[in-house]
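Close look at the chain arrangement
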Amino acid sequence: MGSSLDRLVTQISKCRVCVEEPSGRPLPHEPRPVLRVSPHARIAVVGQAPGTRVHASGVPFTDPSGERLRAWMGVTSEEFYDTRRIAIIPMGFCFPGLDAKGADRPPRRECAPTWHDDVFQAMPNLKLVLAIGLYAHRYHLPE
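I will try to describe carefully the structure that is included in this document. If you're wondering where the values come from, they're calculated on a predicted model, not measured in any experiment.

1. Regarding helix 6 (residues 111-121)
Every buried residue belonging to helix 6 is among Cys 111, Ala 112, Trp 115, His 116, Val 119 and Phe 120, and all of these are buried. Down the axis of helix 6, the buried side of the element spans an arc of 120 degrees, and every buried residue falls inside it. Of the exposed residues in helix 6, the ones pointing more than 90 degrees away from its buried face are Pro 113, Asp 117 and Gln 121. Each element contacted by the buried residues of helix 6 is listed here: helix 1 (3-13), strand 1 (43-46), strand 3 (128-131) and helix 7 (134-140).

Next comes the structure, spelled out in structure tokens:
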């Protein structure tokens, strides 16, 4: 990774904004930011936020949605997790918790404004952003 991106990932891995300075209720558990980036990546997959399985594993898209996404993209797991090719940058880096009905909550509001512009600036080789879901669409396709 590039040195500025390395520093940024280190800062993100220690982030506690959603616990210490939350926009609304604090994150209901310890933060565990999940992302995979490289200054060499040409594609960025931007999803919503990690789910319970990803929170446990620390590896993005290790669930049925990841299998569907890789099949849809026509890539193997090896290709998908090769950060020199594909970066994985969720709108919220941490699992946001479950709502009263047991569904994943939306991505935390603090995450994207705090980190996304810096992450994308530190990845100069990106040629394609694959925005998945409403929150990613709103951020990357505001029009």
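2. Comments concerning the sheet that holds strand 3
Strand pairing in a sheet is mediated by backbone hydrogen bonds. Such pairs are either parallel or antiparallel. Taken in spatial order, the three strands of this open sheet run 2-1-3, and their pairing is parallel. Since the sheet does not close on itself, it has two edges, and those belong to strand 2 (86-88) and strand 3, each with one partner. Sheet twist, expressed as the average angle between the axes of neighbouring strands with direction ignored, equals 20 degrees. Relative to strand 3, strand 1 runs parallel, the two sharing four bridges. Across the sheet, Ile 43 pairs through a bridge with Leu 128, a residue of strand 3. Running over the sheet, helix 4 (residues 64-73) touches strand 1, strand 2 and strand 3 and is turned about 135 degrees from strand 3.

Calculation notes
By convention here, each chain's residues receive numbers from 1 onward along its written sequence. Per-residue local features are limited, in this predicted model, to residues with pLDDT of at least 70; the limit for side-chain atom pairs, both in listing and counting, is 80 or more; totals at the level of whole chains, interfaces and linings are taken over all residues. With hydrogens and water excluded, all non-hydrogen atoms of the structure serve as input to the side-chain values. Each residue gets one of three labels from its accessible area relative to the maximum for its type: buried under 20%, exposed over 50%, partly exposed in between, using a 1.4 Å probe on protein chains only. Going along the chain from the N terminus, every DSSP run of H or I of four or more residues is numbered as a helix, and every run of E of two or more is numbered as a strand. Directions pointing from the helix axis toward each C-beta atom define the arc. The contact definition used throughout considers only heavy atoms, calling two residues in contact when any of these lie within 4.5 Å. Note on pairing: DSSP must find at least two bridges between two strands before they are called paired. Axis angles are defined between N-to-C directions and span 0 to 180 degrees, where every axis is a line fitted to C-alpha atoms and, for a helix, only to the segment in contact.

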